[in-house]
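Chains, contacts and geometry: an overview
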Amino acid sequence: MTRRVFFSFHYQRDAWRASQVRNIGVIEGNASATDNKWEEVKRGGDAAIRRWIDEQLTGRSCTIVLVGAETADRQWVKYEIEKSWNDGNKGLLGIRIHRLLDHGRQSTIAGSNPFDQFTLKDGRKLSAAVKLYDPPYSSGADVYAYISQNIGQWIETAIANR
């Protein structure tokens with residue numbers, strides 16, 4: 001079954017890496033905002049950005065946070081995580097993408113786990129409830145293949161865990 005997912009990532013830094021994951025055939029992802037569209041949304045201020053994100057999350061069964069070097073520090077990624085978790089009806093998971101190559105054929109360093117920044121009502125970190133997958137390979141091609149082979153099951157597990 002093809003799932004409709006929302007991808008959360010650091011656009012400027014990781015758009016190339018994210019596009020590789022978004023093009024895997026077992027999922028239907030949200031359309032990425034073009035630079036022009038994103039600039040238009042940003043001109044509307046924080047309220048307009050929140051509305052745009054909220055609209056993008058509507059009808060999605062899972063949010064996938066694509067974690068690169070600086071993802072955990074991004075304001076809107078944090079909002080997307082919090083909104084997805086608080087909606088309660090979406091699966092939520094993370095995938096480290098730092099070893100996928102960018103347009104310059106470069107990998108980067110692993111960033112912090114963005115789920116560590118949130119505390120649940122029972123005092124546990126969100127990272128105790130949400131899985132961050134870290135492909136066990138160093139080659140970008142092997143990382144891509146590993147994500148391709150497993151992402152469908154990761155999504156189903158995240159949805160079932162909610």
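In what follows, the structure referred to is the one given above.
Note that the structure is a prediction, hence the values are computed from the model and not measured.

**Concerning the packing of aromatic side chains**
With the rule as written, the count across this model stands at 5 aromatic pairs. Aromatic pair Tyr 137 and Tyr 146: ring centres 5.7 Å apart, planes at 65°, arrangement edge-to-face. Judged by centre distance (5.8 Å) and plane angle (55°), the rings of Tyr 146 and Trp 154 are tilted. Counting every residue linked through ring pairs, the aromatic cluster contains Tyr 133, Tyr 137, Tyr 146 and Trp 154. The lysine or arginine in question, Arg 162, covers the ring of Trp 85, its NZ or CZ lying 3.7 Å from the ring centre.

**Side note on the side chain of Asp 14**
Relative to the assigned elements, Asp 14 resides in helix α1 (residues 11-22). Those residues within four positions of Asp 14 in sequence are excluded, and the remaining contacts are Phe 9, Gly 68, Ala 69, Thr 71 and Ile 97.

**Quick look at the pairing of strand β4 (residues 91-96)**
For β4, the tally of buried residues reaches 6 of 6 residues, placing the bulk of the element in the interior. In β4, alternate side chains face the same way, and those of Gly 91, Leu 93 and Ile 95 on one face and Leu 92, Gly 94 and Arg 96 on the other are all buried. The parallel pair strand β3 (residues 62-67) and β4 is bridged by helix α4 (residues 75-87), and the resulting crossover is right-handed. Looking at chain direction, β4 and strand β5 (residues 132-133) are connected through 2 bridges and run parallel. Within β5, the residue paired with Gly 94 across the bridge is Leu 132.

**Some details on the environment of Ile 147**
If you trace the backbone, Ile 147 turns up in helix α5 (residues 140-160). Once the C-alpha coordinates of Ile 147 and Lys 37 are considered, the two residues, 110 residues apart in sequence, prove to be 29 Å apart. Apart from the residues within four sequence positions on either side, Ile 147 is in contact with Val 21, Ile 24, Ile 95, Arg 96, Leu 100, Pro 135 and Trp 154.

**Concerning α5**
The terminal C-alpha atoms of α5, which comprises 21 residues, lie 29 Å apart, in line with the 30 Å expected from a rise of 1.5 Å per residue. At Asn 150, α5 is deflected by roughly 50°, the largest bend along its length. By the burial criterion, the buried members of α5 are Gly 140, Val 143, Ile 147, Ile 151, Trp 154, Ile 155 and Ala 158.

What counts and how
Within any chain, residue numbers begin from 1 and follow the written order of that chain's sequence. For this predicted model, a pLDDT threshold of at least 70 governs which residues receive local features, and a threshold of 80 or more governs which side-chain atom pairs are given and counted, while totals over whole chains, interfaces and linings are taken from all residues. The side-chain values count all of the structure's non-hydrogen atoms but skip hydrogen atoms and water molecules. Only Phe, Tyr and Trp rings are paired, with Trp represented by its six-membered ring, and only when their centres lie within 6.5 Å; those with planes under 30 degrees apart are stacked, over 60 edge-to-face, the remainder tilted. Consider the ring centre and the ring normal. A charge sits over the ring if Lys NZ or Arg CZ is within 6 Å of that centre and within 35 degrees of that normal. Helix numbers and strand numbers start at the N terminus; a helix is a DSSP run of H or I with at least 4 residues, a strand a run of E with at least 2. Whether two residues are in contact is decided by their heavy atoms, any of which lying within 4.5 Å being enough. Each residue's exposure class comes from its accessible area (1.4 Å probe, protein chains only) as a fraction of the maximum for that residue type: buried when under 20%, exposed when over 50%, partly exposed otherwise. The path from the first strand over the helix to the second decides the hand: if it runs clockwise while the strands point away from the viewer, the crossover is right-handed. DSSP bridges decide pairing: two strands pair if at least two such bridges lie between them. By definition here, a helix of n residues has an expected span of 1.5 Å times n minus one. Bend, in this description, refers to the angle at a residue between axes fitted to the seven residues ending there and the seven starting there.

None of the figures reported here should be taken as evidence of function without further support.
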